[in-house]
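Understanding the architecture of this molecule
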Amino acid sequence: LERLTDEIDNYHYLNASSYIHPQTGQRFLGCTLWYAPSPHTMDCLNNAFIPPRMRPKGSTTWSDFLHIQDSSRIHSVGKSHVDWLHLRLEPNDVVLTHMLPHPDSIAPQWKGNENNDFFLHDQTDLIRVARPKLWCHGHTHNSCDYIVPTTNTRVVCNPRDYHPIGPQDEFDYNFTVTIPEDTDD
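As a starting point, this report considers the structure included with it.

A word on the overall build of the protein chain
On a plain count of helices and strands, the protein chain comes out with four helices and eight strands. Along the chain direction, N to C, the helices and strands of the protein chain fall in the order α-β-β-α-α-β-α-β-β-β-β-β. Each of the 185 residues in the protein chain was classed as buried or not, and the buried ones make up 39%. Taking contacts inside the protein chain between residues at least 6 apart in sequence as the whole, the part at least 24 apart equals 54%. When the accessible surface of the protein chain is totalled, it reaches about 11,400 Å², and 53% of it is carbon and sulfur.

As structure tokens, this is what we get:
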């Protein structure tokens, strides 16, 4: 993806990096924001390497993890991205991440599910302190558009579909986001 920066006009690869729009001065910060390790995520990852018949009774894993050779690298990248955001995020920035930054992005039917640890990397405290104006994310299969409570930060996600199921009902083909002017709050 990074090489496409040179091949496609107006394409910017953001991997723990930023971009400042030349006409507006709007700053965009982007990173994956991989999930934080938890007892549940570590159990799933550790059990991915154990043949199913030899796993402890009641243990969990997903086939997604069978190709992960070193989970510590994922956690290291995730931590470095969080650290990077904490050092650089300023009021009025626009943030783009793969993972969900706030619990309100979780679909109602999944609230409280232990597997949310794999999707959410809760940045509520950072949002309240740094006050970005907009946070766009992926890694969920439901659309959302809300303001983080006690802030003016808008969070949006408009995923098209989940292969092989197909388009999700909430996807809005005409969805656009207008980036508001800088605020002083």
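What about the pairing of strand β1 (residues 17-20)?
If a strand is regular, its side chains alternate between the two faces of the sheet. The pairing of β1 with strand β2 (residues 27-31) spans four bridges and is antiparallel. Among the inter-strand pairings, Ile20 is bridged to a residue of β2, identified as Arg27. A loop of six residues connects β1 with β2, the two strands running antiparallel in sequence, and Gly25 in this loop sits at a positive phi of about 75 degrees.

Considering the pattern of salt bridges
Following the criterion strictly, the structure yields six salt bridges and no others. Within this structure, Arg27, Glu90 and Asp93 form a network of salt bridges that share partners.

Looking at the nonpolar core
Leu33, Leu85, Leu89 and Trp135 are the most contacted members of the largest nonpolar core, which has 22 residues in total. Elements that contribute at least two residues to this core include exactly β2, α2 (39-47), α3 (71-88), α4 (124-130), β5 (144-147) and β6 (154-157). In this view, Trp135 contacts Leu33, Leu85, Leu89, Val95, Thr97, Pro101, Gln123, Ile127, Arg154, Val155 and Val156; residues no more than four positions away in its chain are not counted. Of all hydrophobic cores here, the second largest spans six residues; its members include Val94, Leu134, Cys136 and Val156.

A short note on the state of the cysteines
According to the stated counting rule, one finds zero disulfides in the structure shown. Between Cys136, a free cysteine, and Cys157, which holds the nearest cysteine sulfur, the sulfur-to-sulfur gap is 8.9 Å.

Description of the sheet that holds β6
Strands sit in the order β1-β2-β3-β4-β6-β5 across an open sheet of six strands; the sheet is mixed. Whereas interior strands pair on both sides, the edge strands pair on one side only; in this sheet they are β1 and β5. Here the average twist between neighbouring strands, direction ignored, is 15 degrees. Of the pairings in the sheet, the one linking β2 to strand β3 (residues 94-97) comprises four bridges and is parallel in character. Bridging from a neighbouring strand, Cys31 pairs with Thr97 of β3. Seen against the sheet, α3 touches β1, β2, β3 and β4 (134-137) and runs at an angle of roughly 165 degrees to β2.

Observations regarding the pairing of β2
Most of β2 sits inside the fold, with five of its five residues counted as buried. Where burial is concerned, the two faces of β2 agree: the one with Arg27, Leu29 and Cys31 and the one with Phe28 and Gly30 are both buried.

Things to note about unusual backbone geometry
Residues other than glycine predominantly adopt negative phi, and peptide bonds predominantly adopt the trans conformation. With phi around 75 degrees, Asn92 is a residue other than glycine that occupies positive phi space. Positionally, Asn92 belongs in the loop between α3 and β3. Owing to a relative accessible area of 11%, Asn92 belongs among the buried residues under this scheme. One non-glycine residue, Thr150, lies in the positive phi region at around 65 degrees.

About the cut-offs
Residues numbered from 1 in each chain as written. Predicted model: local features only at pLDDT ≥ 70, side-chain atom pairs only at ≥ 80, totals over all residues. Heavy atoms only, no water. Helix = DSSP H or I, 4+ residues; strand = E, 2+ residues; numbered from the N terminus. Buried < 20%, exposed > 50% of the residue type's maximum accessible area, 1.4 Å probe, protein only. Contact = heavy atoms within 4.5 Å. Areas by Shrake-Rupley, 256 points an atom, 1.4 Å probe, with all protein chains shown as cover. Pairing = 2+ DSSP bridges. Salt bridge = Lys/Arg side-chain N within 4 Å of Asp/Glu carboxyl O. Core = buried A, V, L, I, M, F, W, Y, C linked by side-chain atoms within 4.5 Å. Disulfide = S-S within 2.5 Å. Axes fitted to C-alpha atoms, helices over the stretch in contact; angles between N-to-C directions.

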